[in-house]
Amino acid sequence: MNSRSDPSFLAVHEEALTEVDEAYHSFLLLYRSCSKCVYGFCEGKDDPTFYQTLIISRLPNGWTVKVIPAGGKKKVFRAYRSFDWNRFSKEEICFFVDRDLDDYLGQPAQHEANIYTTDGYSIENSIYDCRLLLDVLSDIYQITLLSSIEEEEIFNVILSNLEVFATAMIPLMAQILLWRRSGARANLSNLNLDNLFKFRDNVIIPNPRDALLSTASKQIGTALNTPEELMAAEKEIANCSDLRMLIRGKFIAWFMVKQCEGLWVNITVILKRFTSKPKKRVEFGHKNANVIFAPRARIP
């Protein structure tokens, strides 16, 4: 072969590889037409933990669930388009995508019967709530047999901290919205919320607005928009009736893990009948949060 043609050949080969629908091909390897199985496609590698648990509880005995992480929203939709729906049943193959900030980005809504779009930013926003935290406090931290009054006291702590957290996140979510609109490359996974918030005596304390934004920008590696642009975007975000639903799901998960730990550490102050911290049944943190939370989650 002429060496001058090699680069062109390699380019064509690489382009062909990028067009391969890995998720769909994974499905074809798993699919059995006569098996009692529901198949799903989701965005990230952590999502199957939630969706498999949520779906299996709705199926008859003898049925199973297999959820395939596609690697992003666009790839989930690409997998959907790969199907010949005359051959496959939409009642047994479903697709799960995060809403993200699509309502603010003018993205068209999906109305297919087997495509589920989360109510909030992601699935975490719909299933992480006060009741889920109580279940984890009981099962993992052995804070059990709470009276209705004690539950209310814990709820008050959670809701107060969550309101502070959500309000403090408005500027950051506004900046994320601006990055999305401009197409800026912003890797949100680089953000460490431990540098933006502290829990002290079970009260969450956010960094001041400007310091929070500056630290986030440095960690993510993307410049902030102008103050005027930020303020306009903040007004858009602040108009949401439930701010908790607009915050990135992984940020909500961070808050919930920290709040669980804070309640446990301060349980003798919050509930006087506890004279010492109960012993945790298992270690619990961000690395295994999904494994702990998912089996206790309720259908959104």
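Because the structure is predicted, anything quoted here is derived from the model rather than measured.

### A look at the environment of L193
Here is step 1: Note that L193 resides in the loop between α8 (148-182) and β5 (197-200).
Here is step 2: Along the primary structure L193 and P300 are separated by 107 residues, whereas in three dimensions their C-alpha atoms are 26 Å apart.
Here is step 3: If near-sequence neighbours (up to four positions away) are discounted, L193 is found in contact with F165, F251 and W254.

### Re the pattern of salt bridges
Here is step 1: Under the defined criterion, the tally for this structure stands at 16 salt bridges.
Here is step 2: Among the salt bridges present, the one from E112 reaches K90, with a minimum N-O distance of 3.1 Å. With E112 in the loop between α5 (102-105) and β4 (115-117) and K90 in the loop between α4 (73-82) and β3 (93-97), this pair connects stretches of sequence that are 22 residues apart.
Here is step 3: Classification of E112 by relative accessible area gives partly exposed; the value is 34%.

### Quick look at the side chain of D100
Here is step 1: Along the chain, the position of D100 falls in the loop between β3 and α5.
Here is step 2: Relative accessible area serves as the criterion here: at 15%, D100 is assigned to the buried category.
Here is step 3: Those residues in contact with D100 that lie beyond four places of it in its chain are K73, G120, Y121 and R180.

### Examining the packing of aromatic side chains
Here is step 1: By the definition in use, this model includes 31 aromatic pairs.
Here is step 2: Ring geometry for F197 against W254: centres 5.8 Å apart, planes inclined by 45°, an arrangement best described as tilted. With F197 in strand β5 and W254 in helix α11 (residues 249-265), this pair connects stretches of sequence that are 57 residues apart. For the pair F197 and W254, a shared accessibility class is recorded, and that class is buried.
Here is step 3: Ring-pair connections join several aromatic residues into one group, and the members of that group are Y24, F27, Y31, Y39, F41, Y80, F83, W85, F88 and F95.
Here is step 4: Seen from the ring of W264, K280 lies directly overhead, with NZ or CZ sitting 4.7 Å from the centre.

### With respect to the pairing of strand β1 (residues 37-42)
Here is step 1: When you tally the buried positions in β1, you get 6 out of 6 residues, the bulk of the element.
Here is step 2: By the alternation rule, side chains of β1 split into C37, Y39 and F41 and V38, G40 and C42, which are all buried.
Here is step 3: One ladder, built from 6 bridges, connects β1 with strand β2 (residues 64-69); its direction is parallel. From the neighbouring strand, F41 faces β2, where its bridge partner is I68.
Here is step 4: Assessed by its sense of winding, the connection that carries the chain from β1 through helix α3 (residues 47-56) to β2 is right-handed.

### Quick notes on the nonpolar core
Here is step 1: F165, F197, F251, F284 and F293 are the most contacted members of the largest nonpolar core, which totals 78 residues.
Here is step 2: Sorting elements by how many residues they give to this core places α8 first, with 16 residues.
Here is step 3: Setting aside anything within four residues of it in sequence, one finds F293 in contact with Y128, L132, L133, V136, M256, V257, C260 and F284.

### A closer look at the confidence of the model for the protein chain
Where the model shows low pLDDT, its predicted coordinates should not be examined in detail.
Here is step 1: Across the protein chain, the average pLDDT comes to 92, with 94% of residues at 70 or higher.
Here is step 2: Mean pLDDT in the protein chain bottoms out at helix α1 (residues 6-18), which sits at 50, and peaks at helix α9 (residues 209-220), which reaches 98.
Here is step 3: In this model residues 1-7 is a low-confidence stretch, pLDDT under 50, and it forms 1 contact with partners more than four residues away in sequence or in other chains.

The rules behind each value
In this convention, every chain numbers its residues from 1, walking through the sequence in written order. Only residues with pLDDT of at least 70 get local features here, since the model is predicted, and only at 80 or more are side-chain atom pairs given and counted; chain-wide, interface and lining totals rely on the full set of residues. Calculated side-chain values reflect all of the structure's heavy atoms, with hydrogen atoms and water omitted. To qualify as a helix, a DSSP run of H or I must reach at least 4 residues; to qualify as a strand, a run of E must reach at least 2; elements of each kind are numbered from the N terminus. Should any heavy atoms of two residues lie within 4.5 Å, those residues are considered in contact. Any carboxyl oxygen of Asp or Glu within 4 Å of a side-chain nitrogen of Lys or Arg constitutes a salt bridge here. We call a residue buried when its accessible area falls under 20% of the maximum for its residue type, exposed when it is over 50%, and partly exposed in between, using a 1.4 Å probe and counting protein chains only. Two rings from Phe, Tyr or Trp (for Trp, the six-membered ring) form a pair when their centres are within 6.5 Å of each other. A pair whose planes differ by under 30 degrees is stacked, one over 60 is edge-to-face, and the rest are tilted. Charge over a ring is defined by NZ of Lys or CZ of Arg lying within 6 Å of the ring centre and within 35 degrees of the ring normal. Only strands joined by at least two bridges in the DSSP assignment are considered to pair. The handedness rule is simple: strands pointing away from the viewer, and a clockwise path from the first strand over the helix to the second, make the crossover right-handed. What is meant by a nonpolar core is a set of buried Ala, Val, Leu, Ile, Met, Phe, Trp, Tyr and Cys residues, joined one to another through side-chain atoms within 4.5 Å. pLDDT measures how confident the predictor is about each residue, on a scale from 0 to 100.

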